[in-house]
Amino acid sequence: MIRERIGLLLAAVVLTWSLPLGAQDTRLPPVFDGAAALRHVERLVTIGPRPAGSPGAVRARTYIVDELRRAGVSVRLDSFDAATPHGRLPMANVIATIPGRRKDVILIGGHYDTKWFRDIAFVGANDGGSSAALLIELARRLHARPREYTYWVVWFDGEEARESWTATDSLYGSRRMAGELGKSRQLPSAVIVADMIGDRNLGIQREAGSTSWMNDVIWASAGRLGYSEHFLPDSLVVEDDHAPFLRQGIPGALLIDFDFPPWHTAADTLDKVSAQSLEIVGKVLLDALPGIEEGLSRSRGARP
Ligand SMILES: [Zn+2]
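Predicted model only: the values in this text are computed from it and were never measured.

Another aspect to go through is the layout of surface pockets. In this approach a probe as big as a water molecule rolls over the atoms, and the regions it shows empty are the leftover space. There is about 410 Å³ of room inside the largest pocket. Lining the largest pocket are 20 residues, and of these Asp-104, Val-105, Leu-187, Pro-188 and Ser-189 lie nearest its centre. For the lining of the largest pocket, the secondary-structure elements that each account for two or more residues are strand E2 (87-98), helix H6 (172-183) and helix H9 (275-302). Sort the elements by how many residues they give to the lining of the largest pocket and H9 lands first, with three residues. Looking at the lining of the largest pocket residue by residue, the class counts come to eleven nonpolar, five polar and four charged.

Our next topic: the side chain of Thr-211. Residue position: Thr-211 is located in the loop between strand E6 (204-207) and helix H7 (212-224). Other than its neighbours up to four places away in sequence, Thr-211 contacts Leu-246, Pro-251 and Gly-252.

Quick look at empty space enclosed by the protein now. Tallying each qualifying case throughout the model produces one cavity of 30 Å³ or more. Reported here for the largest cavity is a volume of approximately 50 Å³. Around the largest cavity sit Pro-51, Ala-52, Met-91, Asp-113, Thr-114, Lys-115, Trp-116, Gly-158, Glu-160, Ala-161, Arg-162 and Tyr-172, which together line it. Taken together, the residues of the lining of the largest cavity break down into six nonpolar, two polar and four charged.

Attention shifts here to the sheet that holds strand E8 (residues 252-256). Judged by pairing direction, the sheet is mixed, and its six strands sit side by side in the order E1-E2-E4-E3-E5-E8 without closing on themselves. On the outer flanks of this sheet lie strand E1 (74-84) and E8, each paired with one strand and no other. On average, each strand axis in the sheet is inclined to that of its neighbour by 20°, with strand direction left out of account. Contacts from helix H5 (residues 125-144) reach E2, strand E3 (105-111), strand E4 (150-156) and strand E5 (190-195) within the one sheet, and its direction differs from that of E3 by about 150°.

Reading guide: rules and limits
Residues numbered from 1 in each chain as written. Predicted model: local features only at pLDDT ≥ 70, side-chain atom pairs only at ≥ 80, totals over all residues. Heavy atoms only, no water. 1 Å grid on protein atoms, 1.4 Å probe; cavity = no way out; pocket = protein on both sides within 12 Å on 5 of 7 lines; lining within 4 Å. Points joined across faces, edges and corners; volume = space filled by probe spheres on them. Helix = DSSP H or I, 4+ residues; strand = E, 2+ residues; numbered from the N terminus. Nonpolar A, V, L, I, M, F, W, Y, C, P; charged D, E, K, R; others polar. Contact = heavy atoms within 4.5 Å. Pairing = 2+ DSSP bridges. Axes fitted to C-alpha atoms, helices over the stretch in contact; angles between N-to-C directions.

Written out as structure tokens, the structure reads:
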């Protein structure tokens, strides 16, 4: 046992020595605390329903901002009013910035709002809670070990439709951010969105609208880490917070487990979410980032 450990330690030291500066940190096994992420889901669910414009949403973003500040991560709010079928509602995206060695940005996002229901107390442990929680731990990890690219970790408000999903009643936060960044020509180099990734029975299909080479990199990481049973080879199409960025011509990928029977029901509760699923997705994402950075640098170089 001890011998094995020494062997592993030696292997790690040799690996670290043999890699060029900058590549060292990227080859170490990804570290992500699924239990800590699950505790964030628990605290968010305790707030109750968190639909955009509600007191619950204010408490959720206060929680997120407090956690980031405690970790020393720089964070700001982008507040705006959105025209919805229920009138104008105050919303806010939460944006954490983790500077890298260069200024080019990769955005990792997901929504923190829960769907509004007239007749049920919808707490969205998986739908809204899991993405918000995953991103808190991801931001902490990225802050602890900065990378080549600068990262924006973004908690989108108002992903959910107030009534039924249309082009104008959905994705309020991501449409706002992609629109503003497009106008000021400050769009990120790529976007990765996570949604409903806490399901105990984790099965993520390739989202067909996503950029295929980014999916390839992410699925290769899942295979390398031994998670192929959770990252499935079949595909589906889902419009989510990556869509407004794709429409601006930005490469993007969505990780979503849409095979979730409690989806948009009162049964989307804490017991449906596991620390292990959150940890798997966190580790796969962290492992995939160097490959995504490389892919972006290559496509940048290839441009005329
Ligand atoms: Zn939803």
